[in-house]
Amino acid sequence: MTINYDKHRIDIGGTELAAVTKKLAKLDKFFEDDAAADVKFTETRGRVAAEITVRSNRLYFRAEERAQDAMSATDGAVDAIMRQIRKNKTRLEKRLRTGAFERVVGDDSAESAELVRRKQFELKPMSEEDAMLQMELLNHKFYVFKNSDLGNAVCVCYKRDGGGYGIIETA
């Protein structure tokens, strides 16, 4: 697994990064060799946040954890990703490494609204079930995808307040 580190407003030494790399090695048993992990550390008000995103076979796994130090935050984030994998074990068995599961896985008025983040990503053709799974793995409330069941129409999968999921289809 390739690991990319991003340290924002925080100083993390080489020994700590080596320990983080060792902790992330626990995830290797689930992914093929082409998997990549992005680890982002930020420090805010004396607490360290570790955000880990793992990309493998068109699947994304994401977890964020805050703690007093980088190692504790990393431990929590890696454990959260392992819980996601185990929770969705039956749906993921076909997509992850063969044999992966044989062992153990401000002001809110309209005038002052401000764009604070912009993301770009590739829309990938997938089934509605795959979109729901991907949304759960990312721990998001919605997910935009090309619906392969509808001729690659752009759709949005979302969690409903009353439970369950919804799909918004474009015309």
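Calculation notes
Per chain, residue numbering runs from 1 following the sequence as it is written. In keeping with the model being predicted, local features are shown solely for residues with a pLDDT of at least 70 and side-chain atom pairs are shown and tallied solely at 80 or more, while totals for entire chains, interfaces and linings include all residues. The side-chain values count all of the structure's non-hydrogen atoms but skip hydrogen atoms and water molecules. A run of DSSP states H or I qualifies as a helix once it reaches four residues; a run of E qualifies as a strand once it reaches two. Both are numbered from the N-terminal end. Think of it in three bands: residues with accessible area under 20% of the maximum for their type are buried, residues over 50% are exposed, and the middle band is partly exposed, with areas taken using a 1.4 Å probe on protein chains only. Only the protein chains shown count as cover for residues, and all accessible areas are computed by the Shrake-Rupley method using a 1.4 Å probe. Only strands that DSSP links by at least two bridges are regarded as paired with each other. Axis lines are fitted to C-alpha atoms, over the contacting stretch for helices. Their N-to-C directions set the angle, which ranges from 0 to 180 degrees. Two residues qualify as a contact provided that any one of their heavy atoms is within 4.5 Å of a heavy atom in the partner residue. Scored between 0 and 100, pLDDT is the confidence that the predictor attaches to each residue. What makes a salt bridge here is a side-chain nitrogen of Lys or Arg within 4 Å of a carboxyl oxygen of Asp or Glu, nothing more. Residues belong to a common nonpolar core when they are buried Ala, Val, Leu, Ile, Met, Phe, Trp, Tyr or Cys residues joined through side-chain atoms within 4.5 Å. The disulfide criterion is simple: two cysteine sulfur atoms within 2.5 Å. Pairing of aromatic rings covers Phe, Tyr and Trp, the last counted by its six-membered ring, and requires centre-to-centre distances within 6.5 Å; plane angles under 30 degrees mean stacked, over 60 mean edge-to-face, and any other angle means tilted.

## Focus on the overall build of the protein
Within the protein, the regular secondary structure consists of 4 helices and 8 strands. Ordering the α and β elements of the protein from the N terminus gives β-α-β-β-β-α-α-β-α-β-β-β. Buried positions account for 36% of the 171 residues belonging to the protein. Here the protein displays about 10700 Å² of accessible surface, and carbon together with sulfur accounts for 46% of that area.

## Notes on the pairing of strand β8 (residues 165-169)
Bridge analysis of strand β7 (residues 153-159) against β8 gives 5 bridges, and the strand direction is antiparallel. By the bridge assignment for β8, Tyr 158 is matched with Gly 166. The hairpin turn running from β7 into β8, its antiparallel successor, is 5 residues long, and Gly 163 in that turn takes a positive phi close to 105°.

## Quick look at the sheet that holds strand β4 (residues 59-67)
Overall, mixed pairing links the 4 strands, which are arranged β1-β2-β3-β4 in an open sheet. Each edge of the open sheet carries a strand with a single partner, namely β1 (2-8) and β4. Pairwise comparison of adjacent strand axes, ignoring direction, gives a mean angle of 15° for this sheet. Sitting on the sheet, helix α1 (residues 14-24) touches β1, β2 (36-44) and β3 (47-56), and the angle it makes with β1 is about 135°.

## Remarks on the confidence of the model for the protein
A residue-level look at the protein finds 88% of positions with pLDDT of 70 or above and a mean pLDDT of 83. Every residue in residues 103-110 is under pLDDT 50, and counting partners more than four places away or in other chains gives 10 contacts.

## Description of the pairing of β7
As paired elements, strand β6 (residues 142-147) and β7 share 6 bridges and run antiparallel to each other. Within β7, the residue paired with Lys 146 across the bridge is Val 154. In this structure, the hairpin formed by β6 and β7 is closed by a connection of 5 residues, where Gly 151 is found at a positive phi of approximately 70°.

## Details of the sheet that holds β8
Ordered in space as β5-β6-β7-β8, the 4 strands form an open sheet in which the pairing is mixed. For this open sheet the edge positions go to β5 (125-126) and β8, each flanked by a neighbour on one side alone. Against the sheet, helix α4 (residues 128-138) touches β5, β6, β7 and β8, its axis set at about 150° to β6.

## Structural notes on the pattern of salt bridges
Counted under the stated rule, the structure contains 9 salt bridges. Here Lys 87 makes a salt bridge to Glu 136, at a shortest N to O gap of 4.0 Å. Ionic contacts of the salt-bridge type, sharing partners, join the residues Lys 23, Lys 26, Asp 75 and Asp 79 into one network.

## What about the nonpolar core?
Leu 27, Phe 31, Phe 41, Ile 52, Val 54, Phe 61 and Ile 81 are the most contacted members of the largest nonpolar core, which totals 31 residues. Every element with two or more residues in this core is listed here: α1, β2, β3, β4, α2 (70-87) and α4. When residues in this core are grouped by element, the largest group, 8 residues, is from α2.

## As for the state of the cysteines
Taken as a whole and assessed by the stated rule, the structure comprises 0 disulfides. Among the cysteines around Cys 155, which has no disulfide bond, Cys 157 carries the closest sulfur, lying 9.5 Å off.

## A closer look at the packing of aromatic side chains
What the rule picks out here adds up to 1 aromatic pair. With a centroid separation of 5.3 Å and 65° between ring planes, the pair formed by Phe 31 and Phe 61 is classed as edge-to-face. Pair noted here: Phe 31 is in the loop between α1 and β2 and Phe 61 is in strand β4, with a separation of 30 residues, a long-range link. Taken as a pair, Phe 31 and Phe 61 share a single burial class, namely buried.

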